[in-house]
Amino acid sequence: MTSDHTKILEEIKAADDRLHAKFGEKLRVNYDLDRTLVSFQANKTKNGHRWYKYKEGFSSDLVRYVIRRFALDSGRILDPFAGCGAALFTASELGVDSVGIELLPSSAEIIEVRQILRMAEASQMAERIRRFRESLIWQRPGESKNFPHIRITRGAFPLQTEVELGRYLYEVERVNEESLRRILFFATLCILEDVSYTRKDGQYLRWDYRSGRRVGKKPFHKGTIKSFTPAICAKLDQIAGDIYGDQLRFADLFGEQRSGEVQLLKGSCLDILPTLENESFDGIITSPPYCNRYDYTRTYALELAMMGIGEEEIRALRQAMLSCTVENREKADLGKKTDLVRLSNSTKAFESQELLGLILKYLDLCRNEGLLNNNGIPRMVRNYFKELTVVIFECARLLKPGARFVMVNDNVRYQGIHIPVDLILSEIAQRAGFDTQVIWALPIGKGNSSQQMRIHGREELRKCVYVWSRQKETNHAAKSETC
Ligand SMILES: C[S@@+](CC[C@H](N)C(=O)[O-])C[C@H]1O[C@@H](n2cnc3c(N)ncnc32)[C@H](O)[C@@H]1O
């Protein structure tokens with residue numbers, strides 16, 4: 001290690017201590033929260049929320065906890081990274097209206113179909129789903145639709161599955177009524193991983209050795225690979241059962257209670273947030289992608305391919321996503337729709353965050369000396385924070401005074417440095433017009449990749465839920481000048 005390294009590392013340590021001193025008393029372990037609640041796990045038994053296993057999702061119970069704890073039980077909430085809609089549909093169950101923004105087409109489709117199912121006359125729709133399922137029409141001889149593979153999905157299914165899937169997709173396309181057709185297609189999205197040789201593993205799709213693909217040093221066995229027909233039948237039964245059951249349950253429990261409206265805006269929140277009205281939301285509950293190299297466009301390749309989205313479109317999508325992979329380039333048009341003064345304030349808040357500046361300087365130094373395992377890491381970390389800063393400044397404008405912004409996010413580690421995403425973003429949020437009310441850390445943090453641990457030793461990384469509240473007095477455009 002050179003003296004340059006030692007010097008920056010000392011500066012990082014001092015800045016990190018200052019930031020911890022500033023937010024120390026806001027940082028609390030919350031024993032009500034655990035990994036099950038803050039991840040998709042707790043959705044596995046929840047009607048509707050369990051249909052599509054979105055590994056990056058948080059649970060409906062977490063959203064309930066937040067809504068109740070902060071009495072967000074009226075008005076309208078926003079989720080700018082809506083995923084499969086856990087925040088939106090839970091809010092709806094509690095009678096709260098919501099708006100979600102989502103860029104990934106497969107997730108957006110899931111939200112839209114959940115919305116169709118929510119609005120449908122349940123017993124009739126359940127009956128139509130059951131009729132299609134009982135017909136087993138895709139098992140009779142007939143024409144087939146070729147699965148529109150892209151390069152990274154070829155060979156993803158056992159032969160028999162690909163045959164049945166092709167027949168099923170062909171029959172679904174022939175269903176006249178659009179809502180039923182989309183529900184039947186959605187059911188396939190829900191089982192694609194289970195019937196394939198692949199498993200979603202963060203940065204990429206992991207391939208079972210039975211696929212015949214070359215699969216790294218250690219053969220990977222994903223366990224049971226379900227057959228297509230039993231899997232699709234079980235999913236259709238689950239969907240029909242859940243919507244019918246919900247109708248009975250809600251009628252019993254709540255009588256005529258109003259469910260909240262759900263609105264989805266498809267596209268990048270970086271483009272859409274600036275188009276929404278000042279002070280039009282009572283709360284934000286969200287979880288952006290983490291700064292952890294996770295590539296949604298690769299992990300969801302099967303779903304995207306099945307929707308007919310080609311390689312080029314997927315590449316464009318990857319660049320439009322919030323930067324969280326080493327392939328993300330700087331977005332030349334970042335903030336193009338944001339008010340110029342706000343954009344300039346957001347840039348200043350990003351550039352003047354002391355610890356972040358030092359961490360980026362250190363990562364740049366390590367890259368220049370060839371020490372990083374990927375040279376795209378400094379750019380990813382820089383752009384991740386730069387883009388999230390723009391999002392946070394826009395969100396400050398959209399919230400009513402006193403309204404809460406609740407974010408779930410993980411801290412990360414690169415080149416041995418623990419990046420306190422929670423504290424850095426909380427300081428940036430302060431510049432945007434938020435007070436940090438509390439940063440809840442989960443009781444047990446999370447490690448990092450085995451490779452990082454071998455080199456840098458194990459240190460728990462915080463997984464947190466941050467609660468910021470919008471300051472009562474905020475001059476939307478000029479805020480950061482005064483902090
Ligand atoms: C951690 S997931 C959110 C999961 C969600 N809370 C749920 O429970 O379903 C982050 C989501 O942000 C989406 N996303 C990434 N970049 C985006 C952007 N620029 N605009 C809108 N959504 C984006 C991803 O597609 C992903 O679905």
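Residues numbered from 1 in each chain as written. Predicted model: local features only at pLDDT ≥ 70, side-chain atom pairs only at ≥ 80, totals over all residues. Heavy atoms only, no water.

In this section: the overall build of the protein. If you tally the helices and strands in the protein, you get 19 helices and twelve strands. Since a compact globule built from 483 residues should have a radius of gyration of about 23 Å, the 23 Å found for the protein is in line with a globular shape. In terms of principal-axis extent, the alpha carbons of the protein reach across some 70 × 55 × 40 Å. Each of the 483 residues in the protein was classed as buried or not, and the buried ones make up 57%. (Helix = DSSP H or I, 4+ residues; strand = E, 2+ residues; numbered from the N terminus. Rg over C-alpha atoms; globule rule 2.2 N^0.38 Å. Buried < 20%, exposed > 50% of the residue type's maximum accessible area, 1.4 Å probe, protein only.)

In this section: the pattern of salt bridges. For the coordinates displayed, the defined rule picks out 39 salt bridges. A salt bridge links aspartate 282 to lysine 400, with the nearest nitrogen and oxygen atoms 3.0 Å apart. Of this pair, aspartate 282 sits in strand S7 (residues 281-286) while lysine 400 sits in strand S8 (residues 399-410); the two residues are 118 residues apart in sequence, bridging distant segments of the chain. Given the relative accessible area of 21%, aspartate 282 is considered partly exposed. Because the salt bridges share partners, they merge into one network encompassing Glu109, Glu112, Glu178, Arg182 and Lys266. (Salt bridge = Lys/Arg side-chain N within 4 Å of Asp/Glu carboxyl O.)

Each pair of packed helices gets described by two things: the angle between the helix axes and the distance between those axes. Relative orientation of the contacting elements helix H15 (residues 354-368) and helix H16 (residues 377-398) amounts to 160°, with a least axis distance of 9 Å. The angle between the axes of H15 and H16 places the two elements in the roughly antiparallel class. Relative to H16, H15 is oriented so that their crossing is left-handed. Residue-level contacts link Leu356, Leu360, Leu363, Asp364 and Arg367 of H15 to Ile377, Pro378, Val381, Arg382 and Phe385 of H16. (Axes fitted to C-alpha atoms, helices over the stretch in contact; angles between N-to-C directions. Parallel < 35°, antiparallel > 145°, perpendicular 65-115°, else oblique. Left-handed = near helix turned anticlockwise from the far one by under 90°. Contact = heavy atoms within 4.5 Å.)

By nearness alone, 24 residues border the ligand, and Tyr54, Phe58, Cys84, Glu102 and Cys269 come closest of all. For the ligand, a nitrogen atom lies 2.9 Å from a polar atom in the backbone of cysteine 269. Contact between the ligand and leucine 322: a nitrogen atom at 3.0 Å from a main-chain N or O atom of the residue. The fraction of the free accessible surface of the ligand (600 Å²) that becomes covered by protein chains is 99%. A class-by-class count of the residues in the shell around the ligand yields 16 nonpolar, six polar and two charged. (Near = heavy atom within 4 Å. Polar contact = N/O pair within 3.5 Å; in protein donor to acceptor, adjacent residues only side chain to side chain. Areas by Shrake-Rupley, 256 points an atom, 1.4 Å probe, with all protein chains shown as cover. Nonpolar A, V, L, I, M, F, W, Y, C, P; charged D, E, K, R; others polar.)

Further remarks concern the sheet that holds strand S12 (residues 463-470). Strands belonging to one sheet form pairs held by backbone hydrogen bonds; the direction of such a pair is parallel or antiparallel. The eight strands are arranged S1-S11-S12-S8-S7-S2-S3-S6 in an open sheet whose pairing can be described as mixed. Edge positions in the sheet fall to strand S1 (27-29) and strand S6 (262-266), since each of these pairs with one other strand and no more. Across the sheet, the mean angle separating the axes of adjacent strands is 20° when strand polarity is ignored. Alignment of S7 against S8, held across five bridges, turns out to be parallel. Residue pairing for S8: isoleucine 285 is matched across the bridge by valine 406. The strands that H16 touches are strand S2 (76-79), S7, S8, strand S11 (434-441) and S12; relative to S8, the one it contacts most, it runs at about 155°. (Pairing = 2+ DSSP bridges.)

On to the packing of aromatic side chains. By convention here, two paired aromatic rings are described through the distance between centres and the angle between planes. Inspection of the entire model under this criterion finds 17 aromatic pairs. Between the aromatic rings of tyrosine 294 and tyrosine 296, the centroid separation amounts to 4.9 Å while the plane-to-plane angle is 45°, which identifies the pairing as tilted. Taken as a pair, tyrosine 294 and tyrosine 296 share a single burial class, namely buried. Here the basic side chain of arginine 206 rests over the ring of phenylalanine 220, its NZ or CZ set 4.2 Å away from the ring centre. When the ring centre of tryptophan 207 is taken as reference, the NZ or CZ atom of arginine 213 above it lies at 3.8 Å. (Phe/Tyr/Trp six-rings, centres within 6.5 Å; stacked < 30°, edge-to-face > 60°. Lys NZ or Arg CZ within 6 Å of the ring centre and 35° of its normal.)

Note on terminology: disulfide describes a covalent bond linking the sulfur atoms of two cysteines. Applying the stated criterion to the full structure yields zero disulfides. Between cysteine 269, a cysteine without a disulfide, and cysteine 395, which holds the nearest cysteine sulfur, the sulfur-to-sulfur distance is 7.5 Å. Relative accessible area serves as the criterion here: at 5%, cysteine 269 is assigned to the buried category. (Disulfide = S-S within 2.5 Å.)

Moving on: the confidence of the model for the protein. Of the residues in the protein, 92% reach a pLDDT of 70 or more, and the chain-wide mean stands at 91. The low-confidence segment residues 445-457, where pLDDT is below 50, has 26 contacts with residues more than four positions distant or belonging to other chains. Across residues 478-483, where pLDDT falls below 50, the model places 15 contacts with residues more than four positions away in sequence or in other chains. (pLDDT = per-residue confidence, 0-100.)

Splitting the protein by domain gives domain 1 (3-103 + 259-482) and domain 2 (122-252). Inter-centroid distance (C-alpha atoms) of domain 1 to domain 2 is 31 Å. Domain 1 puts 25 residues into the contact, and the matching count from domain 2 is 33 residues. If you sort the residues of domain 1 by the area they bury against domain 2, Trp51, Leu302 and Met306 come out on top, with a joint share of 35%. In this structure, the connection of domain 1 to domain 2 is made through three salt bridges. At the boundary of domain 1 with domain 2, the tally comes to nine residue pairs in polar contact (both at pLDDT 80 or more). For the side of domain 1 that touches domain 2, the secondary structure elements donating two or more residues are helix H11 (296-299), helix H12 (301-306) and helix H13 (311-320). Tallying contributions element by element places H12 first for the side of domain 1 that touches domain 2, with five residues. (Domains from an automatic or database assignment. Buried area = accessible area lost by both parts, 1.4 Å probe.)

Turning our eyes to something else, we now look at the environment of serine 287. Within the element layout of this structure, serine 287 appears in the loop between S7 and H11. Separated by 238 residues in sequence, serine 287 and histidine 49 have C-alpha atoms that sit 16 Å apart. The residues touching serine 287, leaving out its near neighbours within four places in the chain, are Phe58, Asp79, Phe81 and Val408. Of the polar contacts made by the side chain of serine 287, one reaches the backbone oxygen of valine 408; its length is 3.3 Å.

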